[in-house]
Amino acid sequence: MYPSRFAYDAPASVGEAVAILDRSGGEAKVMAGGQSLIPMLKLRFASPERIVDINNIPGLDYHRLDADGTLHIGALCRHEDLEFSEVIAQSHPTLYAAAAVVADPIVRTRGTFVGSVCHADPQGDWAATMIALDGRIVAVGPNGRREIPMRDFVLGPFTNALAYNEIAVEAVIPPAKGKARGGYLKLERRIGDFATASVAVALDMDGDVVRRAGCALAGVGGKTIDANQAISVLNGKALTPDNIEAAADAVAAAADPRTDHRGSAAYKRQIVKTFVTRILDNVARTEQKAA
Ligand SMILES: Cc1cc2nc3c(=O)[nH]c(=O)nc-3n(C[C@H](O)[C@H](O)[C@H](O)COP(=O)(O)OP(=O)(O)OC[C@H]3O[C@@H](n4cnc5c(N)ncnc54)[C@H](O)[C@@H]3O)c2cc1C
């Protein structure tokens, strides 16, 4: 199917893009990588009057680590920039593990991290990592900049907290309080598929004790599931088999899967439990070897 007719702008600055969105009164859509928006247009799930393509805006294609460990990911940082990033490989195990399993290599060349978070697909990979890592989105609108904590950003399936005249200019991930550990595991029917179930775990470790545990789930609820509260049973504790089992049970209970063509609800919940256990076991083993 062809998209409905739309006007097209490719502004050269964030200010110009915001002004166009503002004038459009909610009838325009931002386009970053277009890897979700273009299929939505073609299927006529979205029929905006205007597309505001941000790809001509210079200076948004970065990711950088501050001296204090804060990570910034600009609105035009592509999935593959993170997949092949030495910075991410060295500093952010949860993001690094996810980067290789987002969509397929072709989509990863164009799709953006921030676009994926904005898309708020319940099966999207990056929103789950952002919630586990307690990230935030920096938005720019007619009244300036504001920061939106990730726990408040995903409002529902394909719905985020941005106003119609705001652009997400970057994602920010705070520094780990201690050593950053964690992982991302995804069950997909074949390479390039969305998650049947996936689990993002981020741990800040102090020796063998967990200072802060973060977790979020994709594919097992009507929106990305914030499982931070569930996995917080690990805070202040060591990764013993009993503590790992308690955390995996708590996270599995936080999932809200539905039976569909990808599997039964019970199967998906079991996958969540297995993945949490695997990620935590792996961290525990790595820490033991390092000690
Ligand atoms: C074949 C295929 C397989 C895929 N598999 C997966 C998968 O396994 N896991 C996964 O997570 N994703 C998957 N995707 C989606 C893909 O990762 C997209 O790249 C991503 O979801 C959206 O990023 P984008 O930059 O392409 O955003 P776009 O498609 O440009 O935009 C998506 C939405 O976000 C909004 N938006 C984008 N950027 C901004 C911004 N800076 N400010 C405000 N709003 C913004 C747009 O208006 C639109 O509503 C798949 C896509 C395809 C085509």
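Residues numbered from 1 in each chain as written. Predicted model: local features only at pLDDT ≥ 70, side-chain atom pairs only at ≥ 80, totals over all residues.

Chemist: Quick question: what am I supposed to make of unusual backbone geometry here?
Modeler: Note: most peptide bonds trans; most residues except glycine with negative phi. For arginine 44, which is not glycine, the phi dihedral falls at a positive 60°. Summarising the element assignment, arginine 44 is placed in the loop between helix H2 (37-42) and strand E3 (50-53). Residue aspartate 134 is not a glycine yet carries a positive backbone phi of 55°. Along the chain, aspartate 134 falls in the loop between helix H8 (125-132) and strand E6 (136-141). With 16 C-beta atoms counted inside 10 Å, the residue aspartate 134 sits in the partly exposed group. (Helix = DSSP H or I, 4+ residues; strand = E, 2+ residues; numbered from the N terminus. Buried ≥ 20, exposed ≤ 12 C-beta atoms within 10 Å, placed from the backbone.)

Chemist: Would you explain helix H10 (residues 241-254) in this entry?
Modeler: Count 3.6 residues to each turn of an α-helix, and residues three or four apart come out pointing the same way. Given a rise of 1.5 Å per residue, 14 residues ought to cover 20 Å, and the 20 Å separating the end C-alpha atoms of H10 matches this to within 8%. By the burial criterion, the buried members of H10 are Ile244, Ala247, Ala248, Val251, Ala252 and Ala254. Each buried residue of H10 sits inside an arc of 155° when the element is viewed along its axis, so together they form one side. (Expected span 1.5 Å × (residues − 1). Arc of directions from axis to C-beta.)

Chemist: Can you walk me through the site of the ligand in this structure?
Modeler: The ligand sits among 29 residues. The nearest are Gly33, Gln35, Ala103, Gly111 and Gly115. Listed by contribution, the elements that provide at least two residues to the shell around the ligand are strand E2 (28-31), H2, helix H7 (113-119), H8 and strand E10 (167-173). Among the elements that take part in the shell around the ligand, H7 stands out by supplying 5 residues, more than any other. Grouping the amino acids of the shell around the ligand by side-chain chemistry returns 16 nonpolar, 11 polar and 2 charged. Among the domains, domain 1 (7-53) and domain 2 (63-173) are the pair contributing at least three residues each to the shell around the ligand. (Near = placed C-beta within 6 Å. Nonpolar A, V, L, I, M, F, W, Y, C, P; charged D, E, K, R; others polar. Domains from an automatic or database assignment.)

Chemist: Honestly, the sheet that holds E6 in this entry has me stumped. Any pointers?
Modeler: Through backbone hydrogen bonds, the strands of a sheet pair up, either in parallel or in antiparallel fashion. Strands sit in the order E4-E5-E10-E6-E7 across an open sheet of 5 strands; the sheet is antiparallel. Two strands close off the open sheet at either side, each with one partner strand: strand E4 (63-65) and strand E7 (144-149). Each strand of the sheet is rotated relative to its neighbour by a mean of 20°, with strand direction disregarded. Here 5 bridges tie E6 to E10, and the two strands are oriented antiparallel to one another. Bridging across to E10, isoleucine 137 finds its partner in alanine 171. Lying over the sheet, helix H1 (residues 14-24) contacts E6 and E10, oriented at roughly 125° with respect to E10. (Pairing = 2+ DSSP bridges. Axes fitted to C-alpha atoms, helices over the stretch in contact; angles between N-to-C directions. Contact = placed C-beta atoms within 7 Å.)

Chemist: It is not clear to me how H1 should be interpreted in this structure. Could you clarify?
Modeler: Among all positions in H1, only Ala17, Val18 and Leu21 are buried. Seen from one end, H1 has its buried residues packed into an arc of 100°, which puts them on one side.

Chemist: Mind showing me how you'd approach the environment of alanine 180 here?
Modeler: As for its position among the elements, alanine 180 is in strand E11 (residues 179-187). Of the residues examined, alanine 180 has 21 C-beta atoms within 10 Å and is grouped as buried. When sequence neighbours within four positions are dropped, the list of residues in contact with alanine 180 reads Ser91, His92, Pro93 and Asp204.

Chemist: Explain the environment of alanine 17 to me, please; I cannot follow it from the model alone.
Modeler: Note on placement: alanine 17 falls in helix H1. For alanine 17, a count of 24 C-beta atoms within 10 Å translates into the label buried. As a C-alpha pair, alanine 17 and isoleucine 54 span 37 residues in sequence and 7.3 Å in three-dimensional space. Those residues within four positions of alanine 17 in sequence are excluded, and the remaining contacts are Pro11, Val52, Ile54, Ile57 and Ile167.

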